[in-house]
Amino acid sequence: MRPDLSPSTLAVVAGRPAPGPDEPLSPPVVLTSTYHAGGPRGYGRYGNPTWEALEEALGLLEGGRALSYASGMAAVSAVLGTLPVAASVVAPRHAYSQTLVQLDALAGKGVLSVRRVDVADTPAVAAAVRGAALLWLESPTNPMLEVADIPACAQAAHEAGAVVVVDNTFATPLGQRPLDLGADVVVHSVTKYLSGHSDLLLGAAVTRSDELYEGLLAARSGGGAVPGPVEAWLALRGLRTLHLRVERATHNAGVLAPRLAAHPAIQRVRYPGLPTDPGHERAAAAMHGFGAMIAVELADAAAADAFTGSVRLWVHATSLGGVESLLERRRRWPAEPPSVPEGLVRLSVGVEDVEDLWADLVIALPDG
Ligand SMILES: *Cc1c(COP(=O)(O)O)cnc(C)c1O
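Here is a short report on the structure shown in this document. As the structure is a computational prediction, the values presented were derived from the model and not from experiment.

Bringing the overall build of the protein into the picture now. Within the protein one finds 13 helices and 12 strands. Against the 2.2 N^0.38 benchmark of 21 Å for 368 residues, the protein shows a C-alpha radius of gyration of 20 Å, consistent with a compact globule. If one aligns the C-alpha atoms of the protein with their principal axes, the spans along those axes are about 70 × 50 × 35 Å. Here the protein holds 368 residues, and the buried ones make up 51% of them. Taking the intrachain contacts of the protein between residues at least 6 apart in sequence as the baseline, contacts between residues at least 24 apart amount to 68%.

With that out of the way, let us pick up the sheet that holds strand E7 (residues 203-207). Think of a sheet as strands paired side by side through backbone hydrogen bonds, with each pair either parallel or antiparallel. Spatial ordering of the open sheet is given by E1-E7-E6-E5-E4-E2-E3, a layout of seven strands whose pairing is mixed. Bordering the open sheet on either side are strand E1 (65-69) and strand E3 (112-117), each of which pairs with just one other strand. Within the sheet, the average angular offset between the axes of one strand and its neighbour, ignoring direction, is 20 degrees. In this sheet, E7 lies alongside strand E6 (residues 185-189) in antiparallel orientation, the contact comprising five bridges. Note that in E7 the partner of His-188 across the bridge is Ala-204. The sheet contacts of helix H2 (residues 49-62) involve E1, E6 and E7, and relative to E1 the element is tilted by about 130 degrees. Docked against the sheet, helix H4 (residues 97-108) engages strand E2 (87-92), E3 and strand E4 (134-138), running at close to 140 degrees with respect to E3.

On to the nonpolar core. Nonpolar side chains in soluble globular proteins tend to end up buried together. Core analysis: the largest hydrophobic core is formed by 81 residues, its most contacted members being Leu-256, Leu-260, Ile-294, Val-296 and Phe-307. Not counting residues within four places of it along the chain, the set of residues in contact with Val-296 comprises Leu-260, Ile-266, Arg-268, Val-269, Phe-307, Gly-343, Leu-344, Val-345 and Leu-347. Of all hydrophobic cores here, the second largest spans 23 residues; its members include Val-76, Leu-83, Val-89 and Leu-103.

A few words now on the sheet that holds strand E11 (residues 326-329). Within the open sheet, the five strands sit side by side as E8-E9-E12-E11-E10. Their pairing is mixed. The two strands at the open ends of the sheet, each matched to only one other strand, are strand E8 (268-270) and strand E10 (315-316). Inspection of the sheet shows E8 paired to strand E9 (residues 293-297) by three bridges, in the antiparallel sense. Looking at E9, one finds that Val-269 is bridged to Val-296. Against the sheet, helix H10 (residues 242-261) engages E8, E9 and strand E12 (344-348), with an angle of about 10 degrees to E9. Strands in contact with helix H12 (residues 301-308) are E9, E10, E11 and E12; relative to E11, the strand with the most contacts, it is inclined by about 155 degrees.

Glancing now at the site of the ligand. Residues in contact with the ligand, as listed here, are Ser-71, Gly-72, Met-73, Tyr-96, Asp-167, Thr-169, Ser-189, Thr-191, Lys-192, Leu-202 and Leu-320. Contact distances for the ligand include 2.6 Å between an oxygen atom and a side-chain N or O atom of Thr-191. Within the complex, the protein chains bury 94% of what would otherwise be the 380 Å² of accessible surface of the ligand. The class makeup of the residues in the shell around the ligand is four nonpolar, five polar and two charged.

Along helix H9 (residues 229-239), the residues that are buried comprise Pro-229, Ala-232, Ala-235, Leu-236, Gly-238 and Leu-239. Buried-residue contacts for H9 involve helix H1 (7-13), H2 and H10.

Now for the pairing of E2. Of all six residues in E2, six are buried, a share of seventy percent or more. Judged from the six bridges that link them, E2 and E3 form a sheet pairing that is parallel. Across the sheet, residue Val-89 finds its bridge partner in E3, namely Val-114. Crossover handedness for the path E2 to H4 to E3: right-handed.

Conventions adopted
- Residues numbered from 1 in each chain as written.
- Predicted model: local features only at pLDDT ≥ 70, side-chain atom pairs only at ≥ 80, totals over all residues.
- Heavy atoms only, no water.
- Helix = DSSP H or I, 4+ residues; strand = E, 2+ residues; numbered from the N terminus.
- Rg over C-alpha atoms; globule rule 2.2 N^0.38 Å.
- Buried < 20%, exposed > 50% of the residue type's maximum accessible area, 1.4 Å probe, protein only.
- Contact = heavy atoms within 4.5 Å.
- Pairing = 2+ DSSP bridges.
- Axes fitted to C-alpha atoms, helices over the stretch in contact; angles between N-to-C directions.
- Core = buried A, V, L, I, M, F, W, Y, C linked by side-chain atoms within 4.5 Å.
- Near = heavy atom within 4 Å.
- Polar contact = N/O pair within 3.5 Å; in protein donor to acceptor, adjacent residues only side chain to side chain.
- Areas by Shrake-Rupley, 256 points an atom, 1.4 Å probe, with all protein chains shown as cover.
- Nonpolar A, V, L, I, M, F, W, Y, C, P; charged D, E, K, R; others polar.
- Right-handed = clockwise from strand over helix to strand, strands pointing away.

This is how it looks when you write it as structure tokens:
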């Protein structure tokens with residue numbers, strides 16, 4: 001496969017079987033636990049042609065070699081599992097909450113030590129990363145949409161001898177390619193935009209380092225956090241329209257964000273596409289598009305709960321990145337850091353008609 005093709009084209013053509021008369025256009029779902037002896041796979045935990053098709057496509061999109069996992073958190077855990085005992089990790093103060101929970105659990109057992117930083121504050125990241133083994137970045141962050149200067153943070157981390165991991169779930173490889181920006185590993189919750197239809201759990205880690213790849217592969221083969229072939233097949237099918245879905249959802253978010261910012265019931269909107277957003281200039285310079293995640297702040301938890309309980313077209317649910325628009329108050333989860341405002345509602349903008357989406361929000365929002 002030609003890596004010079006644009007990401008939109010790769011999303012459509014990567015991971016297909018080699019062409020030939022009567023060869024299928026799409027990879028089959030290979031349901032087997034074992035293989036006839038003599039080949040490189042040998043057993044179903046070591047490899048599967050359907051995962052490999054998805055991994056080829058994800059690797060080409062991110063510009064490295066991909067490994068797929070049973071979930072995004074399995075990929076996160078796999079990458080954390082490469083660290084030596086007692087290693088020091090620098091992590092975002094705001095990030096996907098289960099990633100922070102996992103880090104805290106490992107720190108609580110003395111397996112790792114963790115320092116939290118504001119990833120938008122590059123000097124703070126550079127200071128924190130001295131003596132660390134790993135810098136974990138999310139950008140934009142969940143759910144506050146803070147934007148990191150990935151190249152500057154990666155450079156500081158590498159000078160300190162730390163490995164750089166970027167959770168690229170929010171931006172997708174269409175929004176930014178962290179391996180090109182200096183990251184050593186990219187992780188994804190493929191559950192979200194990449195598969196895009198809220199019908200499966202799957203994760204991925206992508207790297208250019210042979211050493212990291214081989215270590216992760218050996219750990220996955222032994223540890224067993226492998227995806228199901230049906231999930232891998234569905235994810236690859238979803239990936240075929242990634243560019244169309246992301247384009248439309250980003251357009252919709254760009255229409256909704258300024259309207260939300262002007263609504264009297266909303267105290268603050270965080271969306272890197274708004275010119276007034278603290279992350280705007282950095283995102284405009286470094287990202288392709290501003291994504292389709294928006295966070296809005298209402299007066300308090302009660303106002304936010306009334307809002308999320310009143311939508312009819314939007315779905316009140318957790319998760320993100322599907323074709324349908326979803327929203328939720330993040331602090332309803334006890335694991336969410338207390339620095340996330342109680343009244344913050346995170347919106348995952350989908351691909352529906354934007355005026356239908358807006359009309360539903362207007363009816364559900366308090367008058368202000
Ligand atoms: C959902 C998510 C994860 C975890 O992925 P799962 O597939 O749910 O295990 C990790 N990081 C981010 C940013 C996410 O949104």
